Amino acid sequence: MNDEDITKFAASLRGEVIRAGDARYDEARKLYNGMIDKRPLIIARCVDVADVITAVNFGRDNNLLVAVRGGGHNGPGLGSCDDGLVIDLSAMNGVRVDPDARTARVGPGCTQGDLDHATHAFDLAVPAGIISTTGVAGLTLSGGHGYLTRKYGLTIDNLIEADVVLADGSFVTASKERNPNLFWALRGGGGNFGIVTSFVFKLHQVSMVFAGPIAWDQRHARTIMQHYREFLPNAPEELGIFLGLKTVLSSAPFPEEFWGKRMCLLMCCYNGPEEKGREALAPLLDALPAPWFNWMGTMPYPAVQSMFDGLYPKGMQWYWRGDFVKTLSDEAIDAHLKQAAKTPSELSLMHLYPIDGAVHRVGKDETPWNYRDATWSMVIAGIDPDPQKAGPVTRWTKAYWEAVHPFDLGGAYLNFMMDDEGDARLKAAYGDNYERLATLKKKYDPNNLFRVNQNIRPAA
């Protein structure tokens, strides 16, 4: 690239173009995962669809490696690239709620917090993730699960429509009625098929929730995990409840007497009044020992969605691995506890997120999301603020995953996969849906322009 080409490109955008060497470059290229350091040639901060079309055409016509960045929360750093073009959508972060139709049109740069803020004013919400800094676009395109999933399904199950800029620079709308094959591919196929410039979601009645963490000494974890696996299938779908093997952080607001101690956590969110929530949890809690602390209370839904934000700021060292889990046998529990006893840092964790209920009422071939019969989506994450701990947290995560994977299903949730796991893992994540995705990739992106992602190569 020469300066004249880049100058002409910058002049054609309403948004700004940031180049290597600019004063704002180092800040603009920073990623959520501090373990990853990429140096793009150009960052194009788009402010509208016209900018996105211009950027796609520029990247394609100049044979540049193209990465697409939405909310910027991607674990493997796939929102950036070295020596290429980053199409940054973070400024396209508007949300328009239609309270009568119970829908929201959401820009691709929105975070979960942006969306929750807009919808909560109308006592509505989209089923989505558990941290408000999560980008809506990346979460949605790979599935999306969280506290409301058992009742209302995955984020993709609530997607009604998407506007998309394709690899050839054309603009289309995808829905069940318009471009239905593209719409099918977008609901779990990742960023392989184009750049979504707006999402339309179905909303659900959610306002105040009964939510919060309950923590026990990890020496009780085997009992808790056994009761949890038996409790979950019969629990009301209004109750979202994930299990974590973690460490109490050595800081406020946690009681100092528990700092640095390993715990078993149940993070709960009941969409309804407190008395109903207590009633729903009683069969589980009555069977368990007294917890170290129970911080459940009535709060606005955005409050529980942002509860963990301060623990995981941008720039931490992250390495994670995931799996879908069908059953949690005693042998699997023992394997988990053996590995969880070796956590290399206070922030490192294992979570089991339930994906039963409404998720199971959608067929495996209705979206690319193949594991409709799983019970949990598991993530193991090695996390630490210190770059010197990158090696230890990575090795721990890999060892933990290798120990428990024989008890799990073959594939994983795409948002819990790194970019070093290989094609076999990607194909396992999609199962029988992979070939259809590869065929559609050939139709919509035959030259694989959009390949800085969990990449599906075009069919031969």
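Residues numbered from 1 in each chain as written. Predicted model: local features only at pLDDT ≥ 70, side-chain atom pairs only at ≥ 80, totals over all residues. Heavy atoms only, no water.

Caption draft 1: Broad picture of the overall build of the protein chain. Scanning the protein chain for helices and strands turns up 14 helices and 19 strands. For the protein chain, the C-alpha radius of gyration of 22 Å lies close to 23 Å, the compact-globule estimate for 460 residues. Along the first, second and third principal axes, the C-alpha atoms of the protein chain reach 70 × 50 × 40 Å. A burial count over the protein chain gives 58% of its 460 residues as buried. Within the structure as shown, the protein chain displays about 17600 Å² of accessible surface, and the carbon and sulfur contribution to it stands at 49%. (Helix = DSSP H or I, 4+ residues; strand = E, 2+ residues; numbered from the N terminus. Rg over C-alpha atoms; globule rule 2.2 N^0.38 Å. Buried < 20%, exposed > 50% of the residue type's maximum accessible area, 1.4 Å probe, protein only. Areas by Shrake-Rupley, 256 points an atom, 1.4 Å probe, with all protein chains shown as cover.)

Caption draft 2: Quick peek at the layout of surface pockets. Empty space within the largest pocket amounts to approximately 280 Å³. If you go around the largest pocket, you meet 17 residues; those closest to its centre are Pro213, Phe254, Trp295, Phe308 and Leu311. For the lining of the largest pocket, the residue count by class is 14 nonpolar, 1 polar and 2 charged. Its volume calculated, the second largest pocket comes out at about 240 Å³. Around the second largest pocket sit 14 residues that line it, and Arg60, Ala167, Asp445, Asn447 and Leu449 are the ones nearest its centre. Considering only residue class, the lining of the second largest pocket consists of 7 nonpolar, 2 polar and 5 charged. (1 Å grid on protein atoms, 1.4 Å probe; cavity = no way out; pocket = protein on both sides within 12 Å on 5 of 7 lines; lining within 4 Å. Points joined across faces, edges and corners; volume = space filled by probe spheres on them. Nonpolar A, V, L, I, M, F, W, Y, C, P; charged D, E, K, R; others polar.)

Caption draft 3: Molecular detail of unusual backbone geometry. That bond from Ala252 to Pro253 is cis: its omega, 10°, falls within 30 degrees of zero. Here Pro253 is to be found in the loop between β13 (239-247) and β14 (262-270). Backbone geometry places Asn63, a non-glycine residue, at a positive phi of 55°. Note on placement: Asn63 falls in the loop between α3 (49-61) and β3 (66-69). The phi dihedral of Asn448 is positive, around 55°, even though this residue is not glycine. Position of Asn448 relative to the elements: it lies in the segment after α14 (434-444).

Caption draft 4: Expanded view of the packing of helix α11 (residues 330-340) against helix α12 (residues 390-404). It is the contact of α11 with α12, at a shortest axis distance of 9 Å, that shows an interaxial angle of 165°. Viewed along their axes, α11 and α12 adopt a mutual orientation that is roughly antiparallel. As for how α11 packs across α12, the hand of that crossing is right-handed. Contacts from Ala335, His336, Gln339 and Ala340 in α11 reach Trp396, Ala399, Tyr400, Ala403 and Val404 in α12. The class makeup of the residues in the contact of α11 with α12 is 7 nonpolar, 2 polar and no charged. (Axes fitted to C-alpha atoms, helices over the stretch in contact; angles between N-to-C directions. Parallel < 35°, antiparallel > 145°, perpendicular 65-115°, else oblique. Left-handed = near helix turned anticlockwise from the far one by under 90°. Contact = heavy atoms within 4.5 Å.)

Caption draft 5: Molecular detail of the environment of Ser170. Relative to the helices and strands, Ser170 is located in the loop between β8 (159-165) and β9 (171-175). Those residues in contact with Ser170 that lie beyond four places of it in its chain are Val164 and Val165. Here Asp168 takes part through its side chain, which lies 2.6 Å from a polar atom of the side chain of Ser170. (Polar contact = N/O pair within 3.5 Å; in protein donor to acceptor, adjacent residues only side chain to side chain.)

Caption draft 6: Representation of the sheet that holds β8. The antiparallel open sheet is built from 5 strands, whose spatial order is β5-β6-β10-β8-β9. For this open sheet the edge positions go to β5 (95-98) and β9, each flanked by a neighbour on one side alone. Averaged over all adjacent pairs, the angle separating strand axes in this sheet is 15°, with direction ignored. Both strand β6 (residues 103-106) and strand β10 (residues 195-202) contribute to a ladder of 4 bridges, which runs antiparallel. (Pairing = 2+ DSSP bridges.)

Caption draft 7: Spatial organisation of the environment of Arg372. If you trace the backbone, Arg372 turns up in the loop between β18 (349-354) and β19 (376-384). Put simply, Arg372 and Val359 are 13 residues apart on the chain and 6.1 Å apart in space, counted from C-alpha to C-alpha. In this structure the side chain of Arg372 is engaged in a polar contact, spanning 3.5 Å, whose partner is the backbone oxygen of Val359.

Caption draft 8: Up close: the pairing of strand β17 (residues 317-325). The buried fraction of β17 is high, at 9 of 9 residues. Judged by which residues are buried, β17 turns out to be covered on both faces: Gln317, Tyr319, Arg321, Asp323 and Val325 on one side and Trp318, Trp320, Gly322 and Phe324 on the other are all buried.

Caption draft 9: Molecular detail of the sheet that holds β3. Taken together, the 4 strands give an open sheet; going across it, the order is β1-β2-β4-β3, and neighbouring strands pair in mixed fashion. Single-partner strands in this sheet number two, and they are β1 (16-19) and β3. On average, adjacent strands in this sheet sit at an angle of 20° to one another, irrespective of strand direction. In the sheet, strand β2 (residues 42-45) pairs with strand β4 (residues 85-88) via 4 bridges, with the strands oriented parallel. Within β4, the position partnered with Arg45 by the bridge is Asp88. On top of the sheet, helix α1 (residues 3-11) reaches β1, β2 and β4; it is set at about 150° to β1, its chief contact. Together, β2, β3 and β4 form the strand contacts of α3, whose direction differs from that of β4 by roughly 170°.

Caption draft 10: Geometry of the pattern of salt bridges. This model, assessed by the stated rule, comprises 28 salt bridges. One salt bridge connects Lys151 with Glu238, and the closest N-O pair in it is separated by 3.2 Å. Placement of Lys151 in helix α6 (residues 149-152) and of Glu238 in the loop between α8 (221-231) and β13 is noted, with a sequence separation of 87 residues between them. A relative accessible area of 31% means that Lys151 is categorised as partly exposed. A residue is classified by how much of its surface remains accessible, and Glu238, at 25% relative accessible area, is partly exposed. (Salt bridge = Lys/Arg side-chain N within 4 Å of Asp/Glu carboxyl O.)

Caption draft 11: Expanded view of α14. Within α14, the full set of buried residues consists of Tyr434, Leu437, Ala438, Leu440, Lys441 and Tyr444. For α14, the buried positions fall inside an angular range of 165° around the axis, keeping them on one side. When the buried face of α14 is taken as reference, the exposed residues oriented beyond 90 degrees from it are Glu435 and Lys443. Of the surrounding elements, those touching the buried residues of α14 are α7 (180-186) and α13 (423-430). (Arc of directions from axis to C-beta.)

Caption draft 12: Looking closely at the environment of Val200. Its location among the elements puts Val200 in strand β10. Sequence spacing of Val200 and Asn181 is 19 residues, and the spatial spacing of their C-alpha atoms is 17 Å. Dropping the residues within four chain positions of it, Val200 is found in contact with Thr103, Ala104, Arg105, Asn158, Leu159, Ile160 and Glu161.

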